[in-house]
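# Observations on the model geometry
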Amino acid sequence: MAGLAQDAGVVLRLDGITKRFGALTANGDVSLDLKRGEILALLGENGAGKTTLMNILFGHYVADEGRVMVSPDGTGLSELEPGSPHAALQAGIGMVHQHFTLAENLSALDNILLGTERLAALSSSRAPARRKLEELMARSGLTVSLDARISQLSVGEKQRVEILKALYRDARVLVLDEPTAVLTPQESDTLFATLKKLADDGLGIIFISHKLAEVLASSHRVAVLRGGRKVADLPTAECDRRKLAELMVGHAIVETMRSPGSPGAPLFVLNKASAGHGRDALRDVDLTLRSGEILGIAGVSGNGQTTLARVISGLEPLTHGSMTLEGKAIGQASARAMIDNGLARIPEDRHHDGIVGAMSVSENLAIESIRKPENQRLGLLRFSAMRERARNLIKAYDIRCQSEDSPARLLSGGNIQKIVLARTLETVPKVVLAAQPSRGLDVGATSDVHKRLLAARDRGAGVILISEDLDELMRLSDRIAVIHRGHLSEADPSDTLDRGSLGLRMAGHNAEDAA
Amino acid sequence: MTDILDILISANFWAAALRIATPLIFGVIGALVCERAGVLNLGIEGIFTAGAMAGWMAVWLGAGLWGGVLVAAMAGAFFGLIHAILTVPLGLSQHVSGIGVTLFATSLSYFIYRTALPDVSSPPRIEAFKPLDIPGLSDLPFLGPALFQQTPLTFLALLLVAVTAYVLYRTPLGLAIQAVGDNPAAVESQGLSVYAIRIGTVVAGSAIMALGGAFLTMSAFDAFFFGMVNGRGWICIALTVFASWRPGKALIGALLFGAFDAFQVRLQTEVGSFIPGQVFLMMPYLLSIAALIVVARRADYPRALLVPYFRGQR
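Procedures and definitions
- Residues numbered from 1 in each chain as written.
- Chains lettered and ligands numbered in written order.
- Predicted model: local features only at pLDDT ≥ 70, side-chain atom pairs only at ≥ 80, totals over all residues.
- Helix = DSSP H or I, 4+ residues; strand = E, 2+ residues; numbered from the N terminus.
- Rg over C-alpha atoms; globule rule 2.2 N^0.38 Å.
- Buried ≥ 20, exposed ≤ 12 C-beta atoms within 10 Å, placed from the backbone.
- Contact = placed C-beta atoms within 7 Å.
- Domains from an automatic or database assignment.
- Pairing = 2+ DSSP bridges.
- Axes fitted to C-alpha atoms, helices over the stretch in contact; angles between N-to-C directions.
- Nonpolar A, V, L, I, M, F, W, Y, C, P; charged D, E, K, R; others polar.
- Core = buried A, V, L, I, M, F, W, Y, C linked by C-beta atoms within 7 Å.
- Expected span 1.5 Å × (residues − 1).
- Bend = angle between axes of the 7 residues up to and from the residue.
- Left-handed = near helix turned anticlockwise from the far one by under 90°.

## Focus: the overall build of chain B
In terms of helices and strands, chain B carries 13 helices and zero strands. Listing each helix as α and each strand as β along chain B from the N terminus yields α-α-α-α-α-α-α-α-α-α-α-α-α. Over its C-alpha trace chain B gives a radius of gyration of 20 Å, about what one expects of a compact globule, namely 20 Å for 314 residues. For chain B, the spread of C-alpha atoms along the three principal axes comes to 65 × 50 × 40 Å. The proportion of buried residues among the 314 residues of chain B is 47%. Long-range contacts, defined as pairs at least 24 residues apart, comprise 78% of the intrachain contacts of chain B with a sequence gap of at least 6.

In structure tokens:
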């Protein structure tokens, strides 16, 4: 097999990989080649089978069909023993998982050393390992303090330790699963610069992503997975944003366009409102939300958005000022009172605050209206009615789950958000509070969220959209206010604003400077 | 007051403290090793009993004293293996399995003892370990009687503390044990087997625990009685937390408990006439609870303790 022209430079080949979980085909006949020195982006929406494919490659799962071929020494390809991370490591495959696989109680050095020495060895030879690592760090630019305990390192440093783990074992193929999900934009830039350098030195790199911008900026080739199948494999130079998005989603993406709203009377008003303390406190905030409009709140995270959302949700009392809904003052608010008043809360941390993971999808859909007669009779829950309604909502909101009885934690982030949307918007709320509603979601799920918010607005609800994504704010909001150090600016019509002036205001310059 | 000082500076007192501490040292080191790998071993109380019975019976049946120690360790390893299989690959509740192992090991030990000796009224005695007389060292003032008139098992216990610390902090195996108790995925992603390391560690830790039981029948006493373990295993579980899972601190904790216990016996004879004896018996336990409250709030729990690992599950 060695010496065939098409094999030249191929360090890794996936050949017809198929993997099924019950009725679900996570990967269907996927074939892929990776060449020496190449950066391959594996693009796909959440649940497209990217991570499953890489877990098969690394031996966490065994494929039902197909095989993984590697070229450990740069010559011929040979089949990799399935289901053995040990074999994958031996063959020079290094993997950086999305959730880091580091022992927090050990030093960076010890984490890298783990498993590289015979377990029966009488002592760990740290000195030669340190020398090799220092050389590696100098060459790759991946610097970490080797003696620091992992628990003391930042997320970016932990990721560098993970990459060093692979390099220390002389990996020839490096796989990174969503490497930028946890990084700041600056850290991401540094990461990709490092990956370029490593690829130039001959490493083959696969990175999994659903972010189009980084795929376009940093890869040589893109393979697109959709529904577990490879639908495209082409040089990045031949791609553009629109084309990749369409390949990924499977149909043309219609960017959600806002038609001008028809705002009505003031619906929800904050008057000189202060709450919380410390960095995220809210100071002297005036806010007027009218019915039939989307009011965007822009700002760098940690400037009071969280407190604002908690106040509106009824989770945090005001220390000063007042809050009125439809002209009626809301005194000591509670979360329950706010929901009964017609608030739909789409929380920022949907896994933690949006659902109860251990409870079923149908229970999660009913959880905010558990005292309503349609869900209980004489204090006993009406499970069959809840299930029936859940089945309808699952259909209407396209929630992908095995059944209404499966635990909500098993769903992907996008589908969890759909549960939250279905639960809150189905009650025909007066006020919708959407905090970072599309954070971490893929293109398809994001556009779904946007459509739902616009629909709620057109129905006459007032929507408060708190977001860090300026594109999202500009696209959806009728008016935008900027929050900085707990102060909220006057809300201006979004047609009169541009990204530049918003950015300046988010950094703390006032409107006159920015104009 | 001077009486109390007299107690504290007597070599005799410290010799007793070390003697009382010895089974606890074995127990706490064994428990600590298991928990470092992420497995709580509540089988310890039963494993103590099994070690005590098995070691004693082996000697009674004609094996040498060290042969008896080996048999005790093997008995501990056997029950450790049961616990490990139930909790590691099968992922059952570590509490339930541990209590089950304690009940099983205790009852089985009593059963074998009764079956082998159905008619005896007073437990048969064996020729137990003798204090190790080291010429020169044993004659040192104070230190000699306190340290160097202990039986070989006490020295084995002290040696074990050093060996455990070395293995845990200085060898590849120790790194793997520490890592598997913190984040099993870290171990698996480096090509090691989580199950093999956990099972091996629990088996080894249980063998060490059993030596604590063996000390009771082969060194502290020379016979096996029902109920002789008397909660020592549970004390070791508490001492593990006190020690923050560090072998050196585990030694200090065991010695501290031994000292409390030796102290209360002596205090009882000094002032026992007007305070009920039970108050003194309570003292070491009360003091360990107090020490635990002070220390345990800062305790650095192994993050994966009690958490079963299933491959491929995120």
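## What about the overall build of chain A?
Check the secondary structure of chain A and you find 18 helices and 23 strands. Here the C-alpha coordinates of chain A stretch approximately 80 × 55 × 50 Å along the principal axes. Classification of the 515 residues of chain A by burial places 46% in the buried group. A separation of at least 24 residues holds for 68% of the contacts in chain A among residues at least 6 apart in sequence.

## Concerning the domain arrangement of chain A
Domain assignment breaks chain A into domain 1 (9-102 + 171-249) and domain 2 (266-342 + 429-514). Between the C-alpha centres of domain 1 of chain A and domain 2 of chain A there is a distance of 39 Å.

## A few points about the sheet that holds strand S2 (residues 24-35) of chain A
Residues and elements named next belong to chain A. Ordered by their spatial adjacency, four strands build an open sheet running S2-S1-S4-S5, and the pairing between neighbours is antiparallel. Each edge of the open sheet is held by one strand with a lone partner, namely S2 and strand S5 (78-79). Of the pairings in the sheet, the one linking strand S1 (residues 10-21) to strand S4 (residues 65-70) comprises five bridges and is antiparallel in character. Within S4, the residue paired with Leu12 across the bridge is Val70. Sheet strands in contact with helix H1 (residues 50-57) are S1, S2 and S4, and its direction is about 115° off that of S1.

## Focus: the sheet that holds strand S12 (residues 282-290) of chain A
One key point about sheets: their strands pair by backbone hydrogen bonds, in either a parallel or an antiparallel sense. Residue and element names in this part refer to chain A. If you trace the four strands from one edge of the open sheet to the other, you get S12-S11-S14-S15, paired in antiparallel fashion. The sheet terminates laterally at S12 and strand S15 (328-329), the two strands that pair on one side only. Bridging between strand S14 (residues 320-325) and S15 involves two bridges; their strand directions are antiparallel. Paired with Leu325 across the two strands is Lys328, which belongs to S15.

## Observations concerning the interface of chain B and chain A
Contact with chain B, which involves 22 residues of that partner, is made by 26 residues of chain A. Among the elements of the structure, helix H8 (172-182) and helix H9 (184-189) of chain B are those that each provide at least two residues to the side of chain B that touches chain A. With seven residues, H8(B) is the largest single contributor of residues to the side of chain B that touches chain A. Per-class residue counts for the side of chain B that touches chain A are nine nonpolar, seven polar and six charged.

## Describing the nonpolar core
Inside soluble globular proteins, nonpolar side chains tend to come together where they are buried. Core analysis: the largest hydrophobic core is formed by 164 residues, its most contacted members being Ile93(A), Val175(A) and Val28(B). If we skip the residues at most four places from it in the chain, Val28(B) touches Cys236(B), Leu239(B), Thr240(B), Ala243(B), Ala250(B), Gly253(B) and Ala254(B). In this structure, Leu318(A), Met338(A), Ile464(A) and Leu497(A) belong to the second largest nonpolar core, which totals 69 residues.

## Structural notes on helix H10 (residues 194-220) of chain B
Residues and elements named next belong to chain B. Counted at 1.5 Å a residue, the expected span for H10 with its 27 residues is 39 Å, and the 38 Å between its end C-alpha atoms agrees. Maximum bend of H10: about 35°, positioned at Ala214. Among the 27 residues that make up H10, 24 are buried, leaving the element largely enclosed by the rest of the structure.

## With respect to the environment of Ser467(A)
Residue and element names in this part refer to chain A. Positionally, Ser467 belongs in strand S20 (residues 462-467). Each C-alpha atom, one on Ser467 and one on Met54, is 32 Å from the other, the two residues being 413 residues apart in sequence. Apart from the residues lying within four places of it in its own chain, the contact partners of Ser467 are Gly296, Gln436, Glu472 and Leu473.

## Some remarks on unusual backbone geometry
Residues and elements named next belong to chain A. Although it is not a glycine, Asp170 adopts a positive phi angle of roughly 60°. Assessed through the 11 C-beta atoms surrounding it within 10 Å, Asp170 is described here as exposed. The phi dihedral of Glu178 is positive, around 45°, even though this residue is not glycine. Checked against the element boundaries, Glu178 lands in the loop between strand S7 (173-177) and helix H6 (185-200). Residue class for Glu178 comes out buried when judged on the 20 C-beta atoms lying within 10 Å of it.

## So, the environment of Met283(B)
Residue and element names in this part refer to chain B. Position of Met283 among the secondary structure elements: in helix H13 (residues 277-296). Accessibility expressed as a C-beta count within 10 Å gives 17 for Met283, which makes it partly exposed. In this structure Met283 touches Phe260 and Gln264, once residues within four positions along its chain are discounted.

## Things to note about the packing of helix H3 (residues 44-60) of chain B against helix H4 (residues 65-87) of chain B
Residue and element names in this part refer to chain B. Between H3 and H4, the least distance of the axes is 7 Å, while the angle of their chain directions is 145°. Handedness of the H3/H4 crossing: right-handed. Listed contacts from H4 to Gly46, Ile47, Ala50, Gly51, Ala54, Gly55, Trp56, Ala58 and Val59 of H3 are Leu65, Gly67, Gly68, Val69, Val71, Ala72, Ala75, Gly76, Phe79 and Gly80. Class assignment for the residues of the contact of H3 with H4 results in 12 nonpolar, seven polar and no charged.

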